[in-house]
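The primary structure of each chain is shown beneath.
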Amino acid sequence: MRRKTIPYGRQSVDADDIRAVARVLKSDWLTTGPMVMRFERALAKKVGAKYAVAVNSGTAALHAAMFAAGIGPGDEVIVPPITFAASANCAVFQGAVPVFADVEPATLLLDPKQVARKITKRTRAIVAVDYAGHPCNYSALRAIAKKQGLLLVADACHALGAAYGKKPVGSLADLNCFSFHPVKHITTGEGGMITTDNAKLAQRMRDFRTHGITRDSSRFSQVSSFQFPVSHYYEMQSLGYNYRLSDINCALGLSQLGKLDRFVARRRAIAAEYDGAFRSLSPALCPLAVSASVRHAYHLYVVQVDFPRLARRGGIGKSRAEVVQALREFGVGTQVHYIPVHLHPFYRERFGYGPGLCPVAEAAYERVLSLPMFPAMKSGDVKRVIAAVRKVVGT
Ligand SMILES: *Cc1c(COP(=O)(O)O)cnc(C)c1O
């Protein structure tokens, strides 16, 4: 009988996560209650940031970041193409133009030299992605942002638990966005968070997640006509959304956060085992490079495969589709991260982008494959992946 396929990623939810959620379900608060602030404070503390704002997805986190940064029509936001579409979409939500800057070939992280080349008078922000869980080149990107007066936004959805030098991801950019989708390091079902040291930006994002409404009388602009204490009164001061994260989700997130170190340690151990096992497959198969100055969080374990080379050696054509299919027959699931965002029909049609814009990313797209990586993988699962990869890719 064929065993169940090992997916490329999945959540780990245990009995105390379930108890934490059940407690909220029996309490007075289902949506915005005490768990939201507790989760925000715990995550801010964990990443060494002053403020954290919980929202209901990583996409909402990126959108709130763009709003807080004052990004609007006529503005340009620099973003790498090797990422999930949301990293660029957030600029479009605000009417701005995402400008794609190419990545570095060894890591597929945003290349600071390419960023510098793409800056114009209209550039307002950089959205840098900690692809696969490897922190981007924060020192170079911060230097560019500072020199040019740009806001640095980290799409850190892959990198909760990672560090750059000694500083945790989440404390390195002006605004740092996280996702708690089930494949990420910790989950709330759906959910997201932005961390920042800037009180003003944090306040703008808090307003944004609830329709631009404030109930804080010290911030009312129409106090004169409402002098007497009127408890019904609130002001909608900007256009926001309902991006709130519920107490149910936050209870799960808080419970999961307590296990983050263990989850990340397990991911690193799996990566170390893969690294060792795949060394002999080079150059047909090479894991992405890891800089010595970072602590990788391994949201993904990405390998670059020279598919034409496999074909030559085996004498039979081995396309990526064939490799994916062969691995699947050994019970190993894979995924491709990512189709370069500028090649999607929406970006071609709306902005006139297309092949040739980011040659490094486009070449990498032909080679990348994400292998199973999640903390609940058993030792036997890891060995099964290694054996399957050796059989399919090796000689
Ligand atoms: C997951 C992810 C997002 C979006 O997060 P959602 O919670 O799914 O909205 C954005 N950027 C990157 C790089 C991601 O991996």
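The structure this text deals with has already been given above.
Report on the accompanying structure. (Residues numbered from 1 in each chain as written. Predicted model: local features only at pLDDT ≥ 70, side-chain atom pairs only at ≥ 80, totals over all residues. Heavy atoms only, no water.)

A closer look at the pattern of salt bridges
And then number 1: Enumeration over the complete set of coordinates arrives at twelve salt bridges.
And then number 2: Residues Asp 16 and Arg 19 are paired through a salt bridge, measuring 3.9 Å at the closest nitrogen-oxygen approach. Taken as a pair, Asp 16 and Arg 19 lie in helix H1 (residues 15-25) at a separation of three residues, close to a single helical turn.
And then number 3: We classify Arg 19 as partly exposed; its relative accessible area is 48%.
And then number 4: Residues Lys 383 and Glu 273 are paired through a salt bridge, measuring 3.3 Å at the closest nitrogen-oxygen approach. Of this pair, Lys 383 sits in helix H14 (residues 379-393) while Glu 273 sits in helix H9 (residues 260-278), and the two are 110 residues apart along the sequence.
And then number 5: A relative accessible area of 47% places Lys 383 in the partly exposed class.
And then number 6: What makes Glu 273 partly exposed here is its relative accessible area of 30%.
And then number 7: Salt bridges here are not isolated pairs; linked through shared partners, they connect Asp 14, Asp 16, Asp 17, Arg 19 and Lys 259. (Salt bridge = Lys/Arg side-chain N within 4 Å of Asp/Glu carboxyl O. Helix = DSSP H or I, 4+ residues; strand = E, 2+ residues; numbered from the N terminus. Buried < 20%, exposed > 50% of the residue type's maximum accessible area, 1.4 Å probe, protein only.)

Quick word on the pairing of strand E5 (residues 151-155)
And then number 1: Extensive coverage of E5 is indicated by the burial of five of its five residues.
And then number 2: Burial along E5 is two-sided: Leu 151, Val 153 and Asp 155 facing one way and Leu 152 and Ala 154 facing the other are all buried.
And then number 3: With five bridges joining them, strand E4 (residues 123-129) and E5 adopt parallel strand pairing. Along E5, the bridge assignment pairs Ile 126 with Leu 152.
And then number 4: Chirality of the crossover, the property in question, places the unit of E4, helix H6 (residues 138-148) and E5 among those that are right-handed.
And then number 5: Here E5 pairs with strand E8 (residues 175-179) via three bridges, running parallel. Within the sheet, the bridge partner assigned to Asp 155 lies in E8 and is Cys 177. (Pairing = 2+ DSSP bridges. Right-handed = clockwise from strand over helix to strand, strands pointing away.)

Section: the side chain of Thr 83
And then number 1: Inspection of the secondary structure assignment puts Thr 83 in the loop between strand E2 (76-79) and helix H4 (86-93).
And then number 2: A distance of 2.6 Å separates polar atoms of two side chains, one belonging to Thr 83 and the other to Ser 87.
And then number 3: The contacts of Thr 83, once residues within four sequence positions are left out, are Val 129, Asp 155, Tyr 338, Ile 339 and Val 341. (Polar contact = N/O pair within 3.5 Å; in protein donor to acceptor, adjacent residues only side chain to side chain. Contact = heavy atoms within 4.5 Å.)

A look at the side chain of Asn 176
And then number 1: Its place among the elements puts Asn 176 in strand E8.
And then number 2: In terms of polar contacts, Asn 176 uses its side chain to reach the backbone carbonyl oxygen of Gly 170, at 3.0 Å.

What about the sheet that holds strand E14 (residues 301-305)?
And then number 1: Spatially, three strands are ordered E12-E14-E15 in an open sheet, and the strand pairing comes out antiparallel. Where the open sheet ends on each side, the last strands, each with one partner, are strand E12 (285-287) and strand E15 (368-371). Strand after strand, the sheet turns through a mean of 35 degrees between neighbouring axes, direction not considered.
And then number 2: Of the pairings in the sheet, the one linking E14 to E15 comprises four bridges and is antiparallel in character. Opposite Val 302, over in E15, you have Ser 370 as the bridge partner.
And then number 3: Sitting on the sheet, H9 touches E12, E14 and E15, and the angle it makes with E14 is about 20 degrees. (Axes fitted to C-alpha atoms, helices over the stretch in contact; angles between N-to-C directions.)

Quick notes on the packing of helix H11 (residues 320-329) against H14
And then number 1: Axis separation between H11 and H14 bottoms out at 10 Å; the angle between their running directions is 140 degrees. Judged on the interaxial angle alone, H14 and H11 are oblique. Viewed along their axes, H11 and H14 form a crossing whose handedness is right-handed. Residues Val 323, Ala 326 and Leu 327 of H11 form the contact with H14, whose participating residues are Ala 388, Val 389 and Val 392.
And then number 2: Among the residues making up the contact of H11 with H14, the classes are represented as six nonpolar, no polar and no charged. (Parallel < 35°, antiparallel > 145°, perpendicular 65-115°, else oblique. Left-handed = near helix turned anticlockwise from the far one by under 90°. Nonpolar A, V, L, I, M, F, W, Y, C, P; charged D, E, K, R; others polar.)

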